[in-house]
Amino acid sequence: MIGHGERYLGRKPRGVTIAVIAAIACVWLSAFSPAPARAQAGCNPPPKPEPLQTPLNLTLVKRQLIYYRCTRYDADLARVLHEARAFVERRAGRVARPALVLDIDETSLSNWEKILHNDFGFIAEGDCDLNSKRACGQGDWDRSARAVAIVPTVDLFNAAKAHHVAVFFITGRRDVWGERDATEFNLHKVGYEGWNGLYLRPQESNEHSVTPYKTWARSDIEAHGYTIIANVGDQWSDLANGHAERRFKLPNPFYFLP
Ligand SMILES: [Mg+2]
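Since the structure is predicted, the reported quantities are computational estimates derived from the model, not experimental observations.

Examining the sheet that holds strand E4 (residues 166–174)
Right, so step 1: Reading across the sheet, the five strands line up as E5-E4-E1-E6-E7 and stay open at both edges, with parallel pairing between neighbours. Only two strands of the sheet have a single neighbouring strand rather than two, namely strand E5 (197–201) and strand E7 (246–249). Geometrically, the sheet is characterised by an average inter-axis angle of 20 degrees between neighbouring strands, direction not taken into account.
Right, so step 2: As paired elements, E4 and E5 share five bridges and run parallel to each other. Pairing of Ile170 across the sheet is with Tyr199, part of E5.
Right, so step 3: Contacts from helix H7 (residues 151–162) reach strand E1 (98–102), E4 and strand E6 (227–233) within the one sheet, and its direction differs from that of E1 by about 165 degrees.
Right, so step 4: The strands touched by helix H8 (residues 179–190) within the sheet are E4 and E5, with E5 carrying the most contacts at an inclination of about 135 degrees.

Here we look at helix H4 (residues 73–91)
Right, so step 1: Under the 1.5 Å per step criterion, the end-to-end length of H4 is 27 Å for 19 residues, consistent within 8% with the ideal 27 Å.
Right, so step 2: Considering only its buried residues, H4 is in contact with helix H3 (58–71), E1, H7, E6 and E7.

Section: the packing of aromatic side chains
Right, so step 1: One pass over the structure, following the stated rule, counts twelve aromatic pairs.
Right, so step 2: Considering the side-chain rings of Tyr68 and Tyr73, the 6.0 Å spacing of their centres and the 70 degrees angle between planes classify their relative orientation as edge-to-face.
Right, so step 3: Of the residues examined, Tyr68 reaches a relative accessible area of 13% and is grouped as buried.
Right, so step 4: Put simply, the rings of Tyr68, Tyr73, Trp112, Phe120 and Phe254 pair up and form one aromatic cluster.

Details of the state of the cysteines
Right, so step 1: Scanning the model with the defined rule gives two disulfides in all.
Right, so step 2: Across the disulfide, Cys128 is cross-linked to Cys136 (sulfur-sulfur distance 2.1 Å). Here the disulfide of Cys128 and Cys136 is left-handed, its torsion about the S-S bond being about -95 degrees. Each member of the pair, Cys128 together with Cys136, is buried.

Considerations on the pairing of E5
Right, so step 1: Taken across its five residues, E5 has five buried, putting it largely inside the fold.
Right, so step 2: Of the two faces of E5, the one holding Gly197, Tyr199 and Arg201 and the one holding Leu198 and Leu200 are both buried throughout.
Right, so step 3: In this region the chain leaves E4, passes through H8 and returns to the parallel neighbour E5; the handedness of that crossover is right-handed.

Description of the nonpolar core
Within soluble globular proteins, side chains that are nonpolar tend to cluster in buried spots.
Right, so step 1: With 43 residues, the main nonpolar core has Leu100, Phe169 and Val232 as its most contacted residues.
Right, so step 2: Looking at this core element by element, the count peaks at seven residues for H4.
Right, so step 3: With residues near it in sequence (within four places) discarded, Val232 still touches Leu81, Ala84, Leu100, Val101, Leu102, Asp103, Thr107, Leu156, Leu239, Phe248 and Leu250.
Right, so step 4: Judged by nonpolar contacts, the second largest core, of eleven residues, contains Ala166, Phe168, Tyr199 and Ala217.

Observations concerning the packing of H3 against H4
Geometry of a packed helix pair, given as the angle between the helix axes and the separation of the axes.
Right, so step 1: Their axes nearest at 4 Å, the elements H3 and H4 cross at an angle of 60 degrees. Between H3 and H4, the angle falls in the class oblique. Contact with H3, carried on its side by Tyr68, Arg69 and Thr71, involves Tyr73, Asp74 and Asp76 of H4 and no other residues of that element.
Right, so step 2: Taken together, the residues that form the contact of H3 with H4 break down as two nonpolar, one polar and three charged.

Details of the environment of Gly194
Right, so step 1: Positionally, Gly194 belongs in the loop between H8 and E5.
Right, so step 2: Linking Gly194 and Ala166, residues 28 residues apart in sequence, is a C-alpha distance of 9.1 Å.
Right, so step 3: In contact with Gly194, not counting residues within four places along its chain, are Phe157 and Lys161.

What counts, and where the lines are drawn
- Residues numbered from 1 in each chain as written.
- Predicted model: local features only at pLDDT ≥ 70, side-chain atom pairs only at ≥ 80, totals over all residues.
- Heavy atoms only, no water.
- Pairing = 2+ DSSP bridges.
- Helix = DSSP H or I, 4+ residues; strand = E, 2+ residues; numbered from the N terminus.
- Axes fitted to C-alpha atoms, helices over the stretch in contact; angles between N-to-C directions.
- Contact = heavy atoms within 4.5 Å.
- Expected span 1.5 Å × (residues − 1).
- Phe/Tyr/Trp six-rings, centres within 6.5 Å; stacked < 30°, edge-to-face > 60°.
- Buried < 20%, exposed > 50% of the residue type's maximum accessible area, 1.4 Å probe, protein only.
- Disulfide = S-S within 2.5 Å.
- Right-handed = clockwise from strand over helix to strand, strands pointing away.
- Core = buried A, V, L, I, M, F, W, Y, C linked by side-chain atoms within 4.5 Å.
- Parallel < 35°, antiparallel > 145°, perpendicular 65-115°, else oblique.
- Nonpolar A, V, L, I, M, F, W, Y, C, P; charged D, E, K, R; others polar.

Here it is in structure tokens:
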């Protein structure tokens, strides 16, 4: 006769078995589940926006901008980019040599980490060390190639390539030392692979507005035999003066480029 206690030598108590199964399930789920989305800088938790005053108070406006960035910005971007993607997919097969034009900053790449670090200021010169409390210089930031992807734009890019649409980047970044290599590296690093051309603003361009240069770049693409079916940018200066069948304006309340 087997005593009551001896039965447990060959059989685990039921509670232990359930605990082991639960532990294995947790490990398995954590191994195959997507990592939780990394909180955006400044969004953990989002600042509580306060009512704006008249005249506007700059600090309160900045808080409103951070709140918008943390809550609605991604959805607003995605809505426009999904619309652009649907149009490109629909139009691609009906046009000879179709092309898509993408701006880079706040269209293809996000510089939010630098924007927040600089408290929305534009710092033209100087080093960029986001671990310090010093301001981050624009050129050094660009050359660090640390901007991250705007994911729905990567999706649009890949959809365009899948439909044999040529993709050209036209950026207001200046064609100065290190900018082209760093920009190309940053684009490749975040998933833009196989594009057809990259226009940077000529070094000698001193115009107050980027519009003439961007308009010229699109006309140059057309001169090479392409039809630009969609032009996507976050500034109206990216989109002015035609040379595209449709234009798609992304939200950017964080800075303005004429
Ligand atoms: Mg831009």
